[in-house]
Amino acid sequence: MVQSMNTKAELTVKGSCFMGLTSTGKIMVGDKAFEYYNDRKVEDYIQIPWEEIDYLAASVYFKRYINRFAIFTKSDGSFSFSAGKRNKELLRAIRNHMPSDKMVQSLGFFTVLKRGIHNLLHRKNRPLK
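Residues numbered from 1 in each chain as written. Predicted model: local features only at pLDDT ≥ 70, side-chain atom pairs only at ≥ 80, totals over all residues. Heavy atoms only, no water.

**Concerning the side chain of Ser59**
Locating Ser59 in the fold gives a position in strand 5 (residues 53-61). Not counting residues within four places of it along the chain, the set of residues in contact with Ser59 comprises Tyr65, Ile66, Asn67, Arg68 and Ser106. (Helix = DSSP H or I, 4+ residues; strand = E, 2+ residues; numbered from the N terminus. Contact = heavy atoms within 4.5 Å.)

**A word on the sheet that holds strand 6 (residues 65-73)**
The strands that make up a sheet are held in pairs by hydrogen bonds between backbone atoms, and each pair lies either parallel or antiparallel. A sheet is described by the order of its strands in space; here eight strands give the open sequence 4-3-2-1-7-6-5-8, paired in mixed fashion. Each of the sheet's edge strands pairs with one partner strand only, and the pair in question is strand 4 (45-49) and strand 8 (103-105). For this sheet, the mean angle separating the axes of adjacent strands, direction not counted, is 30°. Bridge count for strand 1 (residues 9-17) against strand 7 (residues 78-82) is two bridges, and the pairing is antiparallel. (Pairing = 2+ DSSP bridges. Axes fitted to C-alpha atoms, helices over the stretch in contact; angles between N-to-C directions.)

**Remarks on the pairing of strand 5**
When strand 5 meets strand 6, the two strands line up antiparallel, connected through eight bridges. Residue pairing across strands places Tyr55 opposite Phe72, the latter belonging to strand 6. Where strand 5 hands over to strand 6, the hairpin turn is made up of three residues, of which Phe62 adopts a positive phi near 55°. Here strand 5 pairs with strand 8 via three bridges, running parallel. Residue pairing in the sheet places Ala57 in a bridge with Val104 of strand 8.

Take a look at the structure:
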C-alpha cells in the first residue's frame, strides 16, 4: 500500500488521469501535496508536492466550463487530470496552496491555429529543412 504524503486531506474526488491510457481513480488535495491514486492498480499513483509544481493550465470552454487541467512540474513534465463536474471545486482547493498567477487558462483551439498560420506567413528568411 502506498503511503500518502499528506497529513490532512482537504478534498477527495473521483477523477481521471490522462497519462497514456486513461485511468480512473481518486484525486486528493491535501496540506502537502496533490495526489492521484488509481482504483484498479494500487501501484499506479502520482504524488506531486506543492513546491514541485511550476504552474497549472486549465482548459476552459465558453468562459465557464472547465474540461480538464494540466499540472506542469519543474522536473518531471506535465500531468493531465479531470474531475468531471467537480473541476471548479478541485481548482479552488488547489488555489489555497498555489499563487493565483501560476494558475493560467490554456490556449483555445482557434488561438493555436491562428498563431500557427501567422507564424507560417511571417517567417524571417528561415531555410526549409
